[in-house]
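# Observations on the three-dimensional arrangement
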Amino acid sequence: MADNLPSEFDVVVIGTGLPESIIASACSRSGQRVLHVDSRNYYGGNWASFSFSGLLSWIKENQEKTDVREDSEDWRKLILETEEAISLNKKDNTIQHVEVVCYASQDLAEDVKEAGALPKLPAFGASDTSEAAQESEKECLLVESQSLGTESCEISPESVTCNDPESTTERKDAEMTSERENLCDATFDQSALETGKTENVSTAEAAALEPKKITYMQIVKEGRRFNIDLVSKLLYSRGLLIDLLTKSNVSRYAEFKNVTRILAFQEGRVEQVPCSRADVFNSKKLTMVEKRMLMKFLTFCLDYEQHPDEYQDYKECTFSEYLKTQKLTSNLQHFILHSIAMVSEADSDTIDGLKATKHFLRCLGRYGNTPFLFPLYGQGEIPQCFCRMCAVFGGIYCLRHSVQCLVVDKESGRCKALIDHFGQRISANYFVVEDSYLSEKTCTNVCYRQISRAVLITDQSVLKTDSDQQISILTVPPVERGQPAVRIIELCSSTMTCMRNTYLVHFTCSSTKTAKEDLEPVVQKLFSLNAEAERESENGGGLEKPRVLWAVYFNMRDSSGIDRNSYDCLPSNVYVCSGPDCALGNDYAVKQAETLFQEMFPKEEFCPPPPNPEDIIYDGDGTQPEDPGFSSSSNTKTEPLPKESSDGDSCKVSEEHHEE
């Protein structure tokens, strides 16, 4: 029961974001008793993914910013005279300036409900406190009794069979529904063509080529097809997160797809960037001279440390200035700076640019002809994968479980315990707290940055090709020097993040103003926001742009890179994890998690591989239980991909098949 937890743990983790989840998993794996709590009713914090209705609820919560109901002060009676309390936040203040715009037709949208949606949980702090407490108790997960997967988690067959039969049935039902829709659409298209034989042929062909009109009603109805990330990132195939996933075998809980295209925006056009040797020589947009120039420079970047004479004189220059000294055309300089190195034109020096280019090139070929991977069902799956591993090794999980305060011993200055909203006092040796839980008093001297985010649902890709199942990354350079570049990640339906015939487009940049002010000018360059204006441009012979159906803009706090000493009166055994940063990869979160773990347990290995069941010696009569699914042998069967994603780009990340 959530109101009757054990009173002592080795480590208490508050918040279920990526770094906190990695730390919880590492601590549990090393044999520590771990309690992992979150006041929210979902995993991931600002790293989470939502269905469309879930995102609408999140938007409403952050737009209203209602005051949290004042709880009883009875918990203060548990504080002794030799102790003092550090109060924690009861509400999340990391999201600001949330703006929603719907461009799709909204006819009858108010009466439409999400297909197959489950009843909503009451918000924590609602008037019916008994129901809230009961729901909170249900969220308390002991390892042996309950799994941590949500409706979007893709895990190994063994775990599906043993741990989560309900979610498996739900997933299969969703896939069968998708198959029926595909069949229905195919039948409809066929009948339309047959009818067209008796009508005007040109009219039928024009109708077939025109994209299907998507209404807001359809988006709401198909809301569970969406898995919308609050933070937009990709996984470098040789990045720290992939290495950690494979080393710890947490990768068995997830599946990934290759990013299929690297795009560039130049002179008002979007075009594909050749990255690998094959791409360079097959490109029709580069001259033969440009191909030789590009290959020579990329080859140099792979081992630039061996040729210091080539760049020593330019160490103090920006990477952009260094590229101008090389024998590269302006077209190639643009590709390398914005689509391969992906570094700032104004702030990144030569060494930073060369390192980034080398890292990009090293990532090519590990899991196919692409440097990036994207997790099926969204970025929010990754924290849940680590939470699952923590639970497997004994961690206890409680969502909708807020913490009133940390209890600090005045004499030693160390944190002794916490007091939760039930008034229970829980002791521990170490406490890991996500930054958003710290009060304004604790963060008085902290200077935060902001991230501007936008999420768009569109009807077409930014760059049409023969295949409509493309995952693309595009960097739009700033108009004025010193302004941030805008990173765009476009996801198709085979990533299980959006409904068929739509695309999910994520915009990210460092904030200078509100998110809408920062990002809407870039949105207007690439997409049509007004259907009438779009039709006029079509009639005038203009190039058709993809239409935006729905969009949300918001600013998110970037708490990365903050020095521990910036926090006031922080006990020595309380460790702070930051929220998402603005970088494309996840290296900062992994480094932070490993650093904090090593400070707590310097003699323990960080996230070691799980034991092989064959090496475990069991007590009793020698009979071994069934294989729990930890074996990494090559003959282990993997779960087949859903039909929507079986296009050859999906992959299971494991150590057996990725090394060159």
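Heads up: the structure comes first, above all this text.
Residues numbered from 1 in each chain as written. Predicted model: local features only at pLDDT ≥ 70, side-chain atom pairs only at ≥ 80, totals over all residues. Heavy atoms only, no water.

## Thoughts on helix α14 (residues 381-392)
Its twelve residues give α14 an end-to-end C-alpha distance of 17 Å, which sits within 8% of 16 Å, the value for a rise of 1.5 Å per residue. Residues of α14 that are buried: Glu 381, Ile 382, Pro 383, Gln 384, Cys 385, Phe 386, Cys 387, Arg 388, Met 389, Cys 390 and Ala 391. Phi turns positive one or two residues past the end of α14, at Gly 394, with a value near 110°. (Helix = DSSP H or I, 4+ residues; strand = E, 2+ residues; numbered from the N terminus. Expected span 1.5 Å × (residues − 1). Buried < 20%, exposed > 50% of the residue type's maximum accessible area, 1.4 Å probe, protein only.)

## What to know about the nonpolar core
Within the largest apolar cluster, 95 residues are counted, with the highest numbers of intra-cluster contacts made by Phe 297, Phe 319 and Phe 507. Ranked by residues supplied to this core, first place goes to strand β21 (residues 548-558) with eight residues. In contact with Phe 507, not counting residues within four places along its chain, are Ser 452, Arg 453, Ala 454, Leu 456, Val 486, Arg 487, Ile 488, Leu 519, Val 522, Val 523 and Phe 527. Among the nonpolar cores identified, the runner-up in size contains 45 residues, and Val 11, Val 231, Leu 373 and Met 389 belong to it. (Core = buried A, V, L, I, M, F, W, Y, C linked by side-chain atoms within 4.5 Å. Contact = heavy atoms within 4.5 Å.)

## With respect to the pattern of salt bridges
A full pass over the atoms with the stated rule returns 18 salt bridges. With a closest N to O distance of 2.6 Å, Asp 581 and Lys 233 form a salt bridge. Taken together, the residues span a long stretch of sequence, with Asp 581 in the loop between β22 (574-577) and α17 (587-600) and Lys 233 in the loop between β6 (228-229) and β7 (235-236) at a distance of 348 residues. The exposure classification of Asp 581 matches that of Lys 233, with both residues buried. (Salt bridge = Lys/Arg side-chain N within 4 Å of Asp/Glu carboxyl O.)

## A look at the sheet that holds strand β15 (residues 425-427)
Strands pair in a sheet through their backbones, by hydrogen bonds, and they do so in one of two ways: parallel or antiparallel. Within the open sheet, the four strands sit side by side as β4-β13-β14-β15. Their pairing is antiparallel. Both edges of this open sheet fall to β4 (83-87) and β15, since each of them pairs with a single strand only. Across this sheet, the average inter-strand angle for adjacent strands is 30°, counted without regard to direction. (Pairing = 2+ DSSP bridges. Axes fitted to C-alpha atoms, helices over the stretch in contact; angles between N-to-C directions.)

## Quick notes on the environment of Asn 429
Tracing the backbone through its elements, the reader meets Asn 429 in the loop between β15 and β16 (430-434). We classify Asn 429 as partly exposed; its relative accessible area is 41%. On a C-alpha basis, the gap between Asn 429 and Val 12 in space is 8.2 Å, while along the polypeptide they are 417 residues apart. In this structure Asn 429 touches Phe 9, Asp 10, Arg 414 and Asn 573, once residues within four positions along its chain are discounted.

## Points about the side chain of Glu 290
In this fold, Glu 290 is placed in helix α10 (residues 288-302). The buried charged residue Glu 290 lacks any salt bridge, with Lys 291 as its nearest oppositely charged partner at 8.8 Å. Polar contacts involving the side chain of Glu 290 include one to the side chain of Thr 329, which spans 2.9 Å. Ignoring anything within four residues of it in the chain, the contact list for Glu 290 reads Lys 285, Thr 329, Asn 331 and Leu 332. (Lys, Arg positive; Asp, Glu negative; His and termini not counted. Polar contact = N/O pair within 3.5 Å; in protein donor to acceptor, adjacent residues only side chain to side chain.)

## Re the packing of helix α8 (residues 240-248) against α14
Contact geometry for α8 and α14: axes closest at 12 Å, N-to-C directions at 30°. One finds that α8 runs roughly parallel with respect to α14. Handedness of the α8/α14 crossing: left-handed. On the side of α8, the interface is formed by Leu 241, Leu 244, Leu 245 and Ser 248, while α14 contributes Ile 382, Phe 386 and Met 389. Of the residues in the contact of α8 with α14, the class split is six nonpolar, one polar and no charged. (Parallel < 35°, antiparallel > 145°, perpendicular 65-115°, else oblique. Left-handed = near helix turned anticlockwise from the far one by under 90°. Nonpolar A, V, L, I, M, F, W, Y, C, P; charged D, E, K, R; others polar.)

## As for the sheet that holds strand β2 (residues 34-37)
Judged by pairing direction, the sheet is parallel, and its five strands sit side by side in the order β12-β2-β1-β16-β22 without closing on themselves. The open sheet terminates on both sides in strands that have one partner only, identified here as β12 (396-398) and β22. Neighbouring strand axes in the sheet, compared pairwise and without regard to direction, differ in orientation by 15° on average. In terms of strand pairing, β16 meets β22 through four bridges, oriented parallel. Its bridge partner being in β22, Glu 434 is matched across the sheet by Cys 577. Strands in contact with α14 are β2 and β12; relative to β12, the strand with the most contacts, it is inclined by about 130°. Running over the sheet, α17 touches β16 and β22 and is turned about 175° from β22.

## Topic: the environment of Pro 19
With respect to the element layout, Pro 19 can be found in helix α1 (residues 18-29). Its relative accessible area of 0% is what places Pro 19 among the buried residues. When near neighbours in sequence (up to four residues on either side) are disregarded, Pro 19 contacts Trp 47, Cys 577, Ser 578, Ala 589, Gln 592 and Ala 593.

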